[in-house]
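If you want the building blocks of each chain, they are given just below.
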Amino acid sequence: MKLGRGLIVSCQARADNPLHGPQFMGAMALAARDGGAIAIRANGPEDIAAVKAAGLPVIGIHKVFSEAYPVYITPDFAAAEAIVAAGAEIVALDCTERPRQGEAPSILVRRIREELGAEVFADISTFDEGLRAADWGATYLATTLSGYTAATEPRPSGPDLALLEALAGKSGLPVVAEGRYNTPALVRQGFEAGAHAVVVGTMITNPREITRRFVAEGLPA
Ligand SMILES: CC(=O)N[C@H](C=O)[C@@H](O)[C@H](O)[C@H](O)COP(=O)(O)O
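Since the model is a prediction, treat every value here as computed from it, not as a measurement.

**Focus: the nonpolar core**
Nonpolar side chains in soluble globular proteins tend to be buried together. Grouped together as the largest cluster of nonpolar side chains are 47 residues, with contacts concentrated most on Ile40, Ile112 and Tyr181. Other than its neighbours up to four places away in sequence, Ile40 contacts Ile8, Val9, Cys11, Ala29, Ala32, Val51, Leu56, Pro57, Val58 and Ile59. Judged by nonpolar contacts, the second largest core, of 16 residues, contains Leu3, Tyr72, Ile73 and Val199.

So this is what it looks like as structure tokens:
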């Protein structure tokens, strides 16, 4: 197992974000490492190659958006291959029940482990999806997509601690808490609910969203 227990920082910025690009994400990863992060989650080969400089394990994802299918987190084998080539030792992929093009996630889990020699970080949204991914041979389960699939909408403002706790007790795999862990207190609650590790993204690496929150919640009416 490549992931220790601790805080994982997701360093991602979409194309419309002023911090988009490997130079910024590489610097974010160094800052996260210096602050005590034990691993980095990053998107796409260029950012992954850049965050490797922090010397931490990298959970790579490859977001590929399509008009036809809702699955966008590492939707096929080619996407996984590209991020492993860039240095990701762990591949996060969508293991939800939603429709997708091409190979089923059960096949992708096996191929990523056997052909690429990488660990698989299964991003799921429900308890049943978590158990399925465990059966397929995923290395880790993560609650990343709870609140982001039709089955789990409407999205609550806080994280899905109930899903985390249920999977931590039943799946037999290390379960990673991810999605809306926006305060240190919530991170602690994640560990208390059985998380092996907790991923924080927006609230550490997205100054635009952090600023929006201060403006929305902090300014006088
Ligand atoms: C649903 C989805 O696409 N989540 C993405 C997965 O990589 C990222 O946009 C999130 O920032 C990440 O999961 C961390 O979560 P938060 O930013 O809430 O700490």
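Right, picking up where we left off after that structure.
**Some remarks on the pattern of salt bridges**
In total, this model carries twelve salt bridges according to the counting rule given. In this structure, Arg111 engages Glu103 in a salt bridge whose closest nitrogen and oxygen atoms are separated by 3.0 Å. Overall, the relative accessible area of 19% leaves Arg111 in the buried class. The class of Glu103 is partly exposed, set by a relative accessible area of 31%. The partner of Glu209 in a salt bridge is Arg212, and the shortest N-O contact between them spans 2.4 Å. With Glu209 and Arg212 both in helix α9 (residues 207-218), this residue pair falls three residues apart, about one helical turn. Each of the salt bridges in this network shares a partner with another, and the network as a whole consists of Arg41, Asp123 and Glu178.

Conventions we followed
- Each chain carries its own residue numbering, running from 1 in the written order of its sequence.
- Thresholds applied to this predicted model are a pLDDT of at least 70 for local features of residues and 80 or more for the giving and counting of side-chain atom pairs; totals over whole chains, interfaces and linings are not thresholded and use all residues.
- Hydrogens and water molecules were not included; the side-chain quantities draw on all heavy atoms of the structure.
- Nonpolar cores were defined as sets of buried Ala, Val, Leu, Ile, Met, Phe, Trp, Tyr and Cys residues, with membership established by side-chain atoms within 4.5 Å.
- Under the scheme applied here, a residue whose accessible area is under 20% of the maximum for its type counts as buried, over 50% as exposed, and between as partly exposed, the area being computed with a 1.4 Å probe on protein chains only.
- Contacts are residue-level and defined by heavy atoms, with any inter-residue pair within 4.5 Å sufficient.
- When a carboxyl oxygen of Asp or Glu is within 4 Å of a side-chain nitrogen of Lys or Arg, the pair counts as a salt bridge.
- The secondary structure listing takes helices from DSSP runs of H or I that are at least 4 residues long and strands from runs of E that are at least 2 residues long, numbered from the N terminus.

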